[in-house]
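Listed below are the residues making up each chain.
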Amino acid sequence: DAGITQSPRYKITETGRQVTLMCHQTWSHSYMFWYRQDLGHGLRLIYYSAAADITDKGEVPDGYVVSRSKTENFPLTLESATRSQTSVYFCASTASGDSPLHFGNGTRLTVT
Amino acid sequence: GNSVTQMEGPVTLSEEAFLTINCTYTATGYPSLFWYVQYPGEGLQLLLKATKADDKGSNKGFEATYRKETTSFHLEKGSVQVSDSAVYFCARGSNYKLTFGKGTLLTVNP
């Protein structure tokens, strides 16, 4: 089915471990985004990408790495997870500035 | 910088009550304004938008008017339903890059 899918849906990891969250979209949208959602902060932009091989930092990029080798995939890696990175992570995509953002269902990450 | 301030919840209403969720934004540039809704266990989805001053966005009985003079984009619905229970986010910018408010949890009781 067409859409944007995130995996895993839930993840528990330990402090210091590397973890990668996956995002895949089937629309060939140019723009993709990673947000984190935390109580009291709403959604904050971590990284975004305007096209394959083009990425840029958002509001809270520290501790995260992204890549975009293919248009449809936009993985987010926590190189050395910390407890402060416990959050719900949302991936989103859009075709252009005039189109709405389409969000995945999120990954709930717990760092112990 | 760009920011969005929306009324803090939670908001609890009875079915058929009138809903207002306040939202104000910083007036830098000429942003588009949006309301997104997040149902339990799901990602956000666009509810409505307005792209210029005095535009009214509407969808599913919800409305919001882009007020440049008061830098506001308040969400309203005349008669809420239990199925409207969700978290509502106000946002500004272009879809290329949005700034979201902190979200308002709405619970509608039968």
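Our structure is the block above this text.
In short, a report on the structure. (Residues numbered from 1 in each chain as written. Chains lettered and ligands numbered in written order. Predicted model: local features only at pLDDT ≥ 70, side-chain atom pairs only at ≥ 80, totals over all residues. Heavy atoms only, no water.)

### Things to note about the sheet that holds strand 9 (residues 75-77) of chain B
Residue and element names in this part refer to chain B.
Stage number 1. Spatially, the four strands line up as an open sheet ordered 3-9-8-7, and their pairing is antiparallel. Each of the sheet's edge strands pairs with one partner strand only, and the pair in question is strand 3 (19-21) and strand 7 (56-59). In this sheet, adjacent strand axes meet at a mean angle of 15° when their direction is disregarded.
Stage number 2. Sheet topology note: the strand 8 (residues 62-65)/strand 9 ladder contains two bridges and is antiparallel. Of the residues in strand 9, the one forming a bridge with Phe-62 is Lys-77. (Pairing = 2+ DSSP bridges. Helix = DSSP H or I, 4+ residues; strand = E, 2+ residues; numbered from the N terminus. Axes fitted to C-alpha atoms, helices over the stretch in contact; angles between N-to-C directions.)

### So, the state of the cysteines
Stage number 1. Evaluated as defined, the whole model comprises two disulfides over all chains.
Stage number 2. Between Cys-23 of chain A and Cys-91 of chain A runs a disulfide, and the two sulfur atoms are separated by 1.9 Å. Disulfide Cys-23 of chain A-Cys-91 of chain A: the torsion about the S-S bond is -75°, which places it as left-handed. With a gap of 68 residues between them, Cys-23 of chain A in strand 3 (residues 19-25) and Cys-91 of chain A in strand 9 (residues 87-94) connect regions that are remote in the sequence. Cys-91 of chain A shares its class with Cys-23 of chain A; the two are buried.
Stage number 3. The disulfide partner of Cys-23 of chain B is Cys-90 of chain B, and the S-S distance across this bridge is 1.9 Å. (Disulfide = S-S within 2.5 Å. Buried < 20%, exposed > 50% of the residue type's maximum accessible area, 1.4 Å probe, protein only.)

### A short note on the packing of aromatic side chains
Stage number 1. With the rule as written, the count across this model stands at 13 aromatic pairs over all chains.
Stage number 2. Seen in terms of ring centroids, Tyr-35 of chain A and Phe-103 of chain A are 6.0 Å apart; in terms of plane orientation they differ by 40°. Their pairing is tilted. One end of the pair, Tyr-35 of chain A, is in strand 4 (residues 31-38); the other, Phe-103 of chain A, is in strand 10 (residues 102-103), and 68 residues separate them in sequence. Exposure class is identical for Tyr-35 of chain A and Phe-103 of chain A. Each is buried.
Stage number 3. A centroid spacing of 5.8 Å and a plane angle of 65° characterise the contact between Tyr-36 of chain B and Phe-100 of chain B, whose relative ring orientation is edge-to-face. (Phe/Tyr/Trp six-rings, centres within 6.5 Å; stacked < 30°, edge-to-face > 60°.)

### Points about the pairing of strand 9 of chain A
Residue and element names in this part refer to chain A.
Stage number 1. Within strand 9, eight of the eight residues are buried, which leaves the element mostly enclosed by the surrounding structure.
Stage number 2. Neither face of strand 9 is left uncovered, since the one carrying Ser-87, Tyr-89, Cys-91 and Ser-93 and the one carrying Val-88, Phe-90, Ala-92 and Thr-94 both have all their residues buried.
Stage number 3. As judged from the seven bridges shared by strand 4 and strand 9, these two strands associate in the antiparallel manner. For Trp-34, the partnering residue across the bridge sits in strand 9 and is Cys-91.
Stage number 4. Where strand 9 meets strand 11 (residues 107-111), three bridges bridge the pair, whose relative direction is antiparallel.

### A closer look at the side chain of Arg-68 of chain A
All names here are of chain A.
Stage number 1. Along the polypeptide, Arg-68 turns up in the loop between strand 7 (64-66) and strand 8 (76-78).
Stage number 2. Despite its burial, Arg-68 remains without a salt bridge, the nearest opposite charge being carried by Glu-72 at 7.3 Å.
Stage number 3. A distance of 2.8 Å separates a polar side-chain atom of Arg-68 from the backbone oxygen of Ser-30.
Stage number 4. A distance of 2.7 Å separates the side chain of Arg-68 from the side chain of Ser-49, its partner in a polar contact.
Stage number 5. Setting aside residues no more than four positions away along its own chain, Arg-68 makes contact with Gln-25, His-29, Ser-30, Met-32, Ser-49, Ala-50, Ala-51, Ala-52, Asp-53, Thr-55, Asn-73 and Phe-74. (Lys, Arg positive; Asp, Glu negative; His and termini not counted. Salt bridge = Lys/Arg side-chain N within 4 Å of Asp/Glu carboxyl O. Polar contact = N/O pair within 3.5 Å; in protein donor to acceptor, adjacent residues only side chain to side chain. Contact = heavy atoms within 4.5 Å.)

### Observations regarding the interface of chain B and chain A
Stage number 1. Each partner contributes to the interface: chain B provides 16 residues, whereas chain A provides 23 residues.
Stage number 2. Carbon and sulfur atoms make up 58% of the surface buried where chain B meets chain A, a total of about 1,600 Å² over both sides.
Stage number 3. Between the two partners, chain B and chain A, sit zero salt bridges.
Stage number 4. At the boundary of chain B and chain A, one finds five residue pairs in polar contact (both at pLDDT 80 or more).
Stage number 5. Put simply, the parts of the chain that give the side of chain B that touches chain A at least two residues each are strand 5 (32-38), strand 6 (44-50) and strand 11 (97-100) of chain B.
Stage number 6. Grouping the constituent residues of the side of chain B that touches chain A by class yields seven nonpolar, five polar and four charged. (Buried area = accessible area lost by both parts, 1.4 Å probe. Nonpolar A, V, L, I, M, F, W, Y, C, P; charged D, E, K, R; others polar.)

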